[in-house]
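Observations on the three-dimensional arrangement
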Amino acid sequence: MLLSKLREAIICLRAGRVTLRYPFEPHDPAPGFRGKIAVDPALCFGCGGCAAVCPAGVILLRDRDQLNRVVEFHWARCTYCGRCEQVCPEGAITMSPQYETATNLPADMVLTLDVFMGPCQRCGRCFPATLHERLPVTGFRHDDHHARAGALQPARPGGNGGARTLAPAAPAAGGAA
Amino acid sequence: MRLLKDLCRKVFPRSLWVYHANAGACNGCDIEAINVLTPYYDAERFGIRLVGSPRHADVILISGPVTRQVAPALKRLIDAVPRPRLVIACGSCAAGGGAWFDSYATMGGADQVVPVDYYIPGCPPRPEAILYGVAVAMGLVPKQVAPEAYRQETLAELAQGRTHLQEAGK
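One structure accompanies this document, and this report is about it. (Residues numbered from 1 in each chain as written. Chains lettered and ligands numbered in written order. Predicted model: local features only at pLDDT ≥ 70, side-chain atom pairs only at ≥ 80, totals over all residues.)

**Some points on the overall build of chain A**
A tally of regular secondary structure across chain A gives six helices and five strands. Its helices and strands in sequence order give chain A the pattern α-β-α-β-β-α-β-β-α-α-α, from N to C terminus. When each of the 177 residues of chain A is scored for burial, the buried share is 27%. Long-range pairs, those at least 24 residues apart, make up 61% of the contacts in chain A with a sequence separation of at least 6. (Helix = DSSP H or I, 4+ residues; strand = E, 2+ residues; numbered from the N terminus. Buried ≥ 20, exposed ≤ 12 C-beta atoms within 10 Å, placed from the backbone. Contact = placed C-beta atoms within 7 Å.)

**A short note on the environment of Ala 95 of chain B**
Mapping Ala 95 of chain B onto the fold places it in helix α4 (residues 92-96). Ala 95 of chain B sits 25 residues away from Ile 120 of chain B along the chain, and the two C-alpha atoms are 6.6 Å apart. Among residues more than four places away in sequence, those in contact with Ala 95 of chain B are Ala 76 and Arg 77 of chain A together with Ala 89, Gly 109, Tyr 119, Ile 120 and Pro 121 of chain B.

**What to know about the sheet that holds strand β1 (residues 17-22) of chain B**
Residue and element names in this part refer to chain B. Spatial ordering of the open sheet is given by β2-β1-β3-β4-β5, a layout of five strands whose pairing is parallel. On the outer flanks of this sheet lie β2 (49-50) and β5 (118-120), each paired with one strand and no other. As paired elements, strand β4 (residues 86-90) and β5 share three bridges and run parallel to each other. Bridge pairing in β5 places Cys 90 opposite Ile 120. (Pairing = 2+ DSSP bridges.)

**Quick notes on the interface of chain A and chain B**
Each partner contributes residues to the interface: chain A has 43 residues there, and chain B has 49 residues. Counting residues per element, the ones that place at least two in the side of chain A that touches chain B are β5 (110-116) and α5 (145-155) of chain A. Here the side of chain A that touches chain B takes seven residues from β5 of chain A, the largest share from any one element. Within the side of chain A that touches chain B, the residues separate by chemical class into 28 nonpolar, 11 polar and four charged. Two strands pair when backbone bridges link them, and β5 of chain A and strand β6 (residues 148-151) of chain B are joined in this way by four bridges, in the parallel orientation. Residue Leu 113 of chain A lies in a different strand from β6 of chain B, and its bridge partner there is Tyr 150 of chain B. (Nonpolar A, V, L, I, M, F, W, Y, C, P; charged D, E, K, R; others polar.)

**A short note on the pairing of β5 of chain A**
Residues and elements named next belong to chain A. Because side chains alternate across β5, one face comprises the buried residues Leu 111, Leu 113 and Val 115, and the other comprises Val 110, Thr 112, Asp 114 and Phe 116, none of which is buried. Pairing analysis gives seven bridges linking strand β3 (residues 68-74) to β5, with the strands arranged antiparallel. Of the residues in β5, the one forming a bridge with His 74 is Val 110.

**A few points about helix α2 (residues 28-35) of chain B**
All names here are of chain B. Along α2, the residues classified as buried are Cys 29, Glu 32 and Ala 33. Considered in projection along α2, the buried side chains sweep an arc of 100 degrees and stay on one side of the axis. Summarising the contacts, the buried residues of α2 are in contact with β1, β3 (59-63), β4 and α5 (127-137). (Arc of directions from axis to C-beta.)

**What about the environment of Pro 31 of chain A?**
Residue and element names in this part refer to chain A. Along the polypeptide, Pro 31 turns up in the loop between α1 (2-15) and β1 (37-39). Its 6 C-beta neighbours within 10 Å are what place Pro 31 among the exposed residues. When the C-alpha positions of Pro 31 and Pro 97 are compared, they lie 8.2 Å apart, and in sequence the two are 66 residues distant.

**Some remarks on the nonpolar core**
Ile 60, Leu 61, Ile 62, Ala 89, Cys 90, Tyr 119 and Ile 120 of chain B are the most contacted members of the largest nonpolar core, which totals 71 residues. Among the elements that line this core, the one with the most residues is α5 of chain B, at seven residues. Once residues within four sequence positions are removed from consideration, Ile 120 of chain B is found in contact with Ala 102 of chain A together with Ile 88, Ala 89, Cys 90, Gly 91, Ala 95, Pro 125, Ala 129, Ile 130 and Gly 133 of chain B. (Core = buried A, V, L, I, M, F, W, Y, C linked by C-beta atoms within 7 Å.)

**Description of the sheet that holds β6 of chain B**
The four strands lie next to each other as β2(A)-β3(A)-β5(A)-β6(B), forming an open sheet whose pairing is mixed. Each having just a single partner strand, β2 (59-63) of chain A together with β6 of chain B make up the two edges of the open sheet. Geometrically, the sheet is characterised by an average inter-axis angle of 15 degrees between neighbouring strands, direction not taken into account. (Axes fitted to C-alpha atoms, helices over the stretch in contact; angles between N-to-C directions.)

**Regarding unusual backbone geometry**
All names here are of chain B. In this model, Arg 83 is joined to Pro 84 through a cis peptide bond whose omega is -5 degrees. Take Pro 84: it is sitting in the loop between α3 (71-79) and β4. That bond from Cys 123 to Pro 124 is cis: its omega, -10 degrees, falls within 30 degrees of zero. With respect to the helices and strands, Pro 124 occurs in the loop between β5 and α5. The backbone phi angle of Asp 42 is positive, close to 55 degrees, even though this residue is not glycine. By the secondary structure assignment, Asp 42 is in the loop between α2 and β2. In this model, Val 66 sits at a positive phi of 60 degrees, which is unusual for a non-glycine residue. As for its position among the elements, Val 66 is in the loop between β3 and α3.

So, in structure tokens, the structure goes:
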């Protein structure tokens, strides 16, 4: 009886301290852990694939007008399945390893992203490219030619992209995007 | 008398007694919440322990999206807790309804039924995340999340040469 208790004490002493000092020291999760959604705002072009597959309905789409779409992530109810990361064609959504998301305000658990949509004039689909690459593409739908010309000058300093997009009917030589 | 009051104020925030209310959870959050009490995570070093009755509790830890069946019972349970009390919603279901946020069978989150003081999202939250939430509630660590809002440039802004996304390092 006493001997077994002594043996137990020796085992415990040999083990030492096992408790994490966690809230006062960081404890990183294992690689592959899926934490809070992280969005790269420059890459998203508002296709809405993530909203279509999200099982918890975290991602909401709202169209301000034809060219501006708001993507809202109400990640309080996110189940961290990672489907949005899988289907995103641009890799704009990633599951960050952050898990320290406790908060006292529900408003803290909302991420909004205003996407500027650049749909093609001919097919209506969005350009899967960043905004600067989207602009010189032939067929980019916008009525203000002066604004387009002005926007193109700093974006393509070496080429004559402005002249090409001002005449959308001309064949897009060189594959702008 | 004043000394006693000061002593109470000093001692009571350090010993939160928790009543764990399962309001329709899938048992994932419950397993992780019990995991927090094991020697590896050891929430008892903050004075946290589970109690068997809401009348003994300072904190109610709610897990689950609060089904319609359990909602009246949960209300009665919260009313039985002596003030000051703290209500923590543990897990994505309790924090926002989870995948059942618009289901006819659930109320869609604990804050639809009772006032919630702290939210711990996660499905289930890691034991560390629960510990962090408790530490935030006790004021030991600051919270790390804030509302985020991003905006891409409109064409008019680009025409003026404004590219705030690039300025922000994106």
